[in-house]
Amino acid sequence: MSSLVSYEPYVDECADVFVERLTELSRAGASVDTGHWFQNYAFDVIGMITYAKRLGFLDRGEDIGDIISALGGHLTYATLARVLGGEKGRGRAFILHFTQQLMAASGTSRPSASANGNDDDGDELAAPAVESFLSKFQSKNVAAPETFTPYHVLTGCAANMVAGSDTTAITLSAILYYLLRNLAQQMLCLQAVIKEALRIHPATGLPIERVVPPGGSTIAGFHFAAGFGLGSRPCIGRHISTLEIGKLVPRILRDFNFTLDGLAAGPTGGWETHNMWFVKPQDFWFTVTTE
Ligand code: HEM
């Protein structure tokens, strides 16, 4: 819990920039692409938590290094081929190269707070040091170089970027959509609104199958015994996401008025979504004012 609280300044910093951008968009009277801006927020927060560095999605309002589009292409492939993996794509290459640069700059032998015993199990009242995932992974590499190699440092950081951004952005869109469609307005409690949006619109839309059928299975020359699975794999970022959402939603609802645009504002009030592993809203727009 203490490491989660330590991330709060990162979340606040990105929320500040998000509010700046929203203020500019409100002055321009422009229709706002909801998914795009929530993605910018979520990718910058994850960048900070993972690398202690803002990647600049919110600053530039664009897809830095084509990470978002490459991730979308990768997941489309994974959905259609039913295989998660692959090394190709400029966005993935960007993330790996970016991580390698930071690893080289800091070195894998740098001790961190967790290596010195100030880890997640510490006293929650003590002021938590802000420690990025990269730094934590590097400490693990120092402590157990044989089992936690630089490759694990690299893929751990990349996993955060892949798993932790679109999910949060989609959930933010769902919360706003259901609030503006009045479906969640009677809920007085923010946490209930978040949970209800996650229930009605889960950000991941495909089953995660991992049980081998009776008799076992041979796939690409590898034999998998019956019943073997990958074990319990809960989301490691769910509390981070709750922090990101819990800090942004009340703030923007307090400071801005939102009006749905496009399809969602039409007579059916529906919204289109596209399920390629992540269930992304399509063509989902709003206008925003500060009055
Ligand atoms: C609303 C936001 C989120 C949703 C809906 C979500 C959903 C999920 C789901 C369904 C899984 C698969 C669990 C399983 O295999 O049974 C998962 C795993 C994972 N999530 Fe999240 N997630 C969210 C936020 C995040 C964030 C912010 C991060 C990173 C900081 C993150 C990192 C991960 C990682 C690394 C895994 C793989 C865990 C493993 O296989 O050991 N997620 N998430």
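These numbers come from a predicted model, not from an experiment.

Engineer: An account of the environment of Leu-55 is requested, with residue identities and associated values reported.
Structural biologist: Structurally, Leu-55 can be placed in the loop between α3 (34-51) and α4 (57-60). C-alpha of Leu-55 to C-alpha of Asp-44: the two residues are eleven residues apart in sequence and 5.6 Å apart in space. Not counting residues up to four positions away in its chain, the partners in contact with Leu-55 are Phe-43, Asp-44, Gly-47 and Ile-64.

Engineer: Please provide a residue-by-residue account of the packing of α3 against helix α9 (residues 166-180), values included.
Structural biologist: For the pair α3 and α9, interaxial distance at closest approach is 8 Å and the crossing angle is 135°. In this view, α3 runs oblique relative to α9, as classed from their interaxial angle. In terms of crossing hand, the pair formed by α3 and α9 is right-handed. Residues Thr-34, Gly-35, Phe-38, Gln-39 and Ala-42 of α3 pack against Asp-166, Thr-168, Ala-169, Leu-172, Ser-173 and Leu-176 of α9. When grouped by side-chain class, the residues that make up the contact of α3 with α9 number five nonpolar, five polar and one charged.

Engineer: Which residues make up the site of the ligand, and what values go with them?
Structural biologist: Around the ligand, 19 residues are found, and the nearest of them are Ala-163, Gly-164, Thr-167, Cys-235 and Gly-237. Breaking the shell around the ligand down by element, the ones donating at least two residues are α8 (150-164), α9 and α11 (238-255). At four residues, the largest contribution of residues to the shell around the ligand is made by α8. Here the shell around the ligand is composed, by residue class, of nine nonpolar, eight polar and two charged.

Each value, and the rule that gives it
Residues numbered from 1 in each chain as written. Predicted model: local features only at pLDDT ≥ 70, side-chain atom pairs only at ≥ 80, totals over all residues. Helix = DSSP H or I, 4+ residues; strand = E, 2+ residues; numbered from the N terminus. Contact = placed C-beta atoms within 7 Å. Axes fitted to C-alpha atoms, helices over the stretch in contact; angles between N-to-C directions. Parallel < 35°, antiparallel > 145°, perpendicular 65-115°, else oblique. Left-handed = near helix turned anticlockwise from the far one by under 90°. Nonpolar A, V, L, I, M, F, W, Y, C, P; charged D, E, K, R; others polar. Near = placed C-beta within 6 Å.

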